[in-house]
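Now for the letters of each chain:
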Amino acid sequence: MVYVCRKEHFNAAHRLYNPAWTKEKNQEVFGICSNEYFHGHNFELIVTVKGHPQPDTGCVIDLKVLSSIIKREVIDKLDHRNMNIEVDFLQGKIPSCEVVVIEIWKILAKALSDYPHVQLHKLQLFETNKNFVEYYGE
């Protein structure tokens with residue numbers, strides 16, 4: 001089994017806020033991330049797929065194809081957007097990194113189903129240089 005990784009970037013704003021809570025409770029739990037005027041990050045997404053190199057190409061997947069899928073299905077929908085307001089797959093959800101990475105997984109797993117020899121293995125979503133999440137579809 002070979003693991004192939006692709007790194008992509010996007011810039012987006014969000015607000016961590018639970019509408020069922022008071023402003024004070026949101027401030028207590030989320031701190032400055034609950035700012036009513038939102039805040040932004042330069043996100044980094046690392047997509048790892050796995051499979052066996054195909055005999056006709058020697059590759060698990062053409063990295064141009066993988067990049068195109070990621071950009072079309074995820075990056076174009078998130079880049080320079082307000083995740084609370086403008087991103088359809090995050091509507092009604094608190095756009096924490098944990099929630100965002102799960103939703104990205106759902107999208108990419110479906111898009112990659114057209115490539116039966118490739119399996120989505122792991123996503124890493126970096127919000128800052130020090131804060132990131134990993135998700136294995138579990």
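In this text the structure is predicted, and so the values were computed from the model without any measurement.

Rules of the game
- Residues numbered from 1 in each chain as written.
- Predicted model: local features only at pLDDT ≥ 70, side-chain atom pairs only at ≥ 80, totals over all residues.
- Heavy atoms only, no water.
- Phe/Tyr/Trp six-rings, centres within 6.5 Å; stacked < 30°, edge-to-face > 60°.
- Helix = DSSP H or I, 4+ residues; strand = E, 2+ residues; numbered from the N terminus.
- Buried < 20%, exposed > 50% of the residue type's maximum accessible area, 1.4 Å probe, protein only.
- Lys NZ or Arg CZ within 6 Å of the ring centre and 35° of its normal.
- Pairing = 2+ DSSP bridges.
- Salt bridge = Lys/Arg side-chain N within 4 Å of Asp/Glu carboxyl O.
- Axes fitted to C-alpha atoms, helices over the stretch in contact; angles between N-to-C directions.
- Left-handed = near helix turned anticlockwise from the far one by under 90°.
- Contact = heavy atoms within 4.5 Å.
- Nonpolar A, V, L, I, M, F, W, Y, C, P; charged D, E, K, R; others polar.

**Side note on the packing of aromatic side chains**
Working step 1: In this structure the tally under the stated criterion is four aromatic pairs.
Working step 2: Ring geometry for Trp21 and Phe30: centres 5.8 Å apart, planes at 25 degrees, overall stacked.
Working step 3: Between Trp105 and Tyr135, the aromatic rings sit 5.5 Å apart at their centres with planes inclined by 85 degrees, giving edge-to-face as the arrangement. Remark: Tyr135 occurs in strand β5 (residues 132-135) and Trp105 occurs in helix α3 (residues 97-112); sequence separation between them is 30 residues. In this pair, the class of Trp105 matches that of Tyr135, namely buried.
Working step 4: Geometry around Tyr17 places Arg15 over its ring, the cationic atom sitting 3.8 Å from the centre.

**Points about the sheet that holds strand β3 (residues 81-82)**
Working step 1: The five strands lie next to each other as β3-β1-β2-β4-β5, forming an open sheet whose pairing is mixed. In this open sheet, the two edge strands, each paired with only one partner strand, are β3 and β5.
Working step 2: Direction of pairing for strand β1 (residues 2-14) relative to strand β2 (residues 39-51): antiparallel, over a ladder of 13 bridges. In the strand pairing of β2, Val4 is matched with Val49.

**Comments concerning the pattern of salt bridges**
Working step 1: Under the criterion given, the structure shown has five salt bridges.
Working step 2: Here Glu36 ties to Lys23 by a salt bridge, and the two come within 3.9 Å at their closest N and O atoms. Here the residue Glu36 occupies a position in the loop between α1 (23-30) and β2, and Lys23 occupies one in helix α1, the gap between them amounting to 13 residues.
Working step 3: On the basis of relative accessibility, which here comes to 42%, the residue Glu36 falls in the partly exposed class.
Working step 4: For Lys23, a relative accessible area of 55% corresponds to the exposed category.
Working step 5: Between Lys122 and Glu134 there is a salt bridge; the shortest N-O distance is 3.8 Å. Of this pair, Lys122 sits in strand β4 (residues 118-126) while Glu134 sits in strand β5, placing them twelve residues apart in sequence.
Working step 6: Here Glu134 falls in the partly exposed class, since its relative accessible area comes to 38%.

**Section: the packing of helix α2 (residues 63-78) against α3**
Working step 1: Remark: α2 packs on α3, axes separated minimally by 10 Å, with the N-to-C direction vectors making an angle of 145 degrees. The way α2 lies across α3 gives a crossing that is right-handed. Every residue of α3 that contacts α2 at Leu66, Ile69, Ile70, Glu73, Val74 and Leu78 is listed here: Ile104, Ile107, Leu108, Ala111 and Leu112.
Working step 2: Residue composition of the contact of α2 with α3, grouped by class: ten nonpolar, no polar and one charged.

**Some remarks on the environment of Val99**
Working step 1: Tracing the backbone through its elements, the reader meets Val99 in helix α3.
Working step 2: With sequence-adjacent residues up to four places away left out, Val99 is seen in contact with Leu90, Lys93 and Ile94.

**Focus: unusual backbone geometry**
Working step 1: Even without being a glycine, Phe38 presents a positive backbone phi close to 70 degrees.
Working step 2: Considering the arrangement of structural elements, one finds Phe38 in the loop between α1 and β2.
Working step 3: In this model, His80 sits at a positive phi of 55 degrees, which is unusual for a non-glycine residue.
Working step 4: Along the chain, His80 turns up in the loop between α2 and β3.

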